[in-house]
Amino acid sequence: MAGNTSATGAATRLRALPELALVVALFAAYKLARVLIEGDVQAAFVNAWRIWDLERALRLPREVSVQQALLTHDSLLHLVNSYYAYVHFPATGALLGWVYLRRPEYYRWVRRTLAALTGTALVIHVLLPLAPPRMLAATGMVDTGRLVGPAVYGDPTTDTLSNQYAAMPSLHVGWALVVAVVLITVTRGRWRWAWALHPALTVVVVVVTGNHYWLDGLLAAALLGVVLFCCPQPDRQPYDPLGGPARPVDPVVSEEQPA
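Computed from a predicted structure; not experimentally measured. Every chain is numbered on its own, with residues counted from 1 as its sequence reads. Since the coordinates come from a predicted model, pLDDT governs what is reported: local features require at least 70, and pairs of side-chain atoms require 80 or more to be given and counted, while whole-chain, interface and lining totals use all residues. Note: side-chain values were computed over all heavy atoms of the structure, leaving out hydrogens and water.

1. Observations concerning the overall build of the chain
The secondary structure listing takes helices from DSSP runs of H or I that are at least 4 residues long and strands from runs of E that are at least 2 residues long, numbered from the N terminus. Along the chain, the regular secondary structure elements total ten helices and zero strands. Along its sequence from the N terminus, the chain presents helices and strands in the succession α-α-α-α-α-α-α-α-α-α. Pairs of residues are marked as contacts when any of their non-hydrogen atoms sit within 4.5 Å. Here the analysis covers contacts within the chain between residues at least 6 apart in sequence; of these, 82% occur between residues at least 24 apart. With an accessible surface of roughly 14,500 Å², the chain has 66% of that area assigned to carbon and sulfur atoms. Each accessible area is a Shrake-Rupley estimate made with a 1.4 Å probe; only the visible protein chains count as cover when residues are assessed.

Take a look at the structure:
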């Protein structure tokens, strides 16, 4: 029994290796694409003011009002910056790992959903360069990362590690929504709805830090809706994450003999 369990565990880890390599490759492609996008800076600022004016026409709350409510609370602002800097990628990676190990029948759905959402977002980043609100000094917005830390981005003129003119849609919000949707779908119990707090908090965080507009998050939510429509969740029949139906579990036969 112990030998079979050990062999099964080793086989699972072996099957996970190409999957892990694929996830790493997707992540690398995402980072590379953001670096290689050479957005038109002038167009990015023109688009930024158009988005700002559109939000006012739609009577959305001013991002600067939300940000200023926290500017006098350095500790809370530092916590908000930390959430923006340190939760985004680890939370998404943890979701993929947990689903692979604990809900493998859903894994390919989750992977495809993330890949489709990210790929679509990158296309929009190329077609619609957009300066984030923290760059619109005339609005009163500031870069809270530089103000109290931790800072995620450097000077946009010298920053070669990220494309800072790719504000729309917000993948911070999009990926947070994926985490919530998946965990609410694949878990049970009324407390699973608490996962919705993650994207809700992320929306507040990206606005307070000055990295995104309200419409960035709304577009991310709309794109995810389209992706989920095109990539519906699977039924609950077990599937191997790397393809094909899982081997059915042998029924447990009682060793007790009838009297």
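Having seen the model, we can carry on.
2. Side note on the packing of aromatic side chains
The geometry of an aromatic ring pair is captured by two quantities: the separation of the ring centres and the angle between the planes. Only centres within 6.5 Å qualify two rings of Phe, Tyr or Trp (six-membered ring in Trp) as a pair; their planes then separate them into stacked at under 30 degrees, edge-to-face at over 60, and tilted for everything else. All told, the structure shown has five aromatic pairs when counted by the stated rule. Here Tyr84 and Tyr153 contribute two aromatic rings whose centre-to-centre distance is 6.3 Å and whose plane-to-plane angle is 65 degrees, an arrangement assigned as edge-to-face. You can see Tyr84 sitting in helix α4 (residues 74-86) and its partner Tyr153 sitting in the loop between α7 (144-148) and α8 (171-186), a full 69 residues away along the chain. When the centroid spacing of 5.5 Å and the interplanar angle of 75 degrees are considered together, the rings of Phe89 and Trp175 count as edge-to-face. Of the two residues, Phe89 sits in helix α5 (residues 88-102) while Trp175 sits in helix α8, which places them 86 residues apart along the sequence. Taking NZ or CZ as reference, Arg56 lies 4.6 Å from the ring centre of Trp52, over its face. Criterion for a charge above a ring: Lys NZ or Arg CZ within 6 Å of the ring centre, and within 35 degrees of the ring normal.

3. Quick notes on the nonpolar core
Formed by 34 residues in total, the largest nonpolar core has its most connected members in Leu95, Val99, Val110, Leu114, Leu117, Val178 and Val182. The element that contributes the greatest number of residues to this core is α8, accounting for nine residues. With residues up to four places along the chain from it excluded, the contact list for Val178 reads Leu95, Thr113, Leu114, Leu117 and Leu224. Of all hydrophobic cores here, the second largest spans 15 residues; its members include Ala44, Ala131, Met141 and Tyr213. The definition of a nonpolar core used throughout is a set of buried Ala, Val, Leu, Ile, Met, Phe, Trp, Tyr and Cys residues joined through side-chain atoms within 4.5 Å. Remark: exposure states derive from per-residue accessible area (1.4 Å probe, protein chains only) relative to the maximum for the residue type, with buried under 20%, exposed over 50%, and partly exposed in between.

4. Thoughts on the environment of Leu70
Take Leu70: it is sitting in the loop between α3 (63-68) and α4. Accessibility expressed as a relative area gives 17% for Leu70, which makes it buried. With 74 residues separating them along the chain, Leu70 and Thr144 place their C-alpha atoms 9.8 Å apart. Leave out the neighbours within four places in its chain, and Leu70 touches Leu76, Leu77, Val80 and Val208.

5. Examining a nonpolar patch on the surface
In this scheme, patches are assembled from residues that exceed 30% relative accessible area and form no salt bridge. Like charges are connected within 9 Å, while nonpolar side chains (Val, Leu, Ile, Met, Phe, Trp, Tyr) are connected within 5 Å. Whenever a carboxyl oxygen of Asp or Glu lies within 4 Å of a side-chain nitrogen of Lys or Arg, that contact is scored as a salt bridge. A grouping of Val123, Val126 and Leu127 is seen on the molecular surface, where their side chains present a nonpolar patch of about 300 Å² in accessible area. Mapped onto the secondary structure, Val123 falls in helix α6 (residues 107-127). Taking relative accessible area as the criterion, Val123 reaches 47% and is therefore assigned partly exposed.

6. A closer look at the confidence of the model for the chain
Every residue is assigned a pLDDT by the predictor, reflecting its confidence on a scale from 0 to 100. Per-residue pLDDT for the chain averages 84, and the proportion of residues at 70 or more is 80%. When the criterion is pLDDT under 50, residues 237-259 qualifies, and its contacts beyond four places in sequence or with other chains add up to 24 contacts.

7. Overview of the side chain of Arg134
In this structure, Arg134 sits in the loop between α6 and α7. A polar contact of 2.8 Å, which involves the side chain of Arg134, links it to the side chain of Asn211. Side-chain atoms alone can form a polar contact between residues adjacent in sequence; in general such a contact is a pair of N or O atoms within 3.5 Å, and within protein one must be able to donate a hydrogen while the other accepts it.

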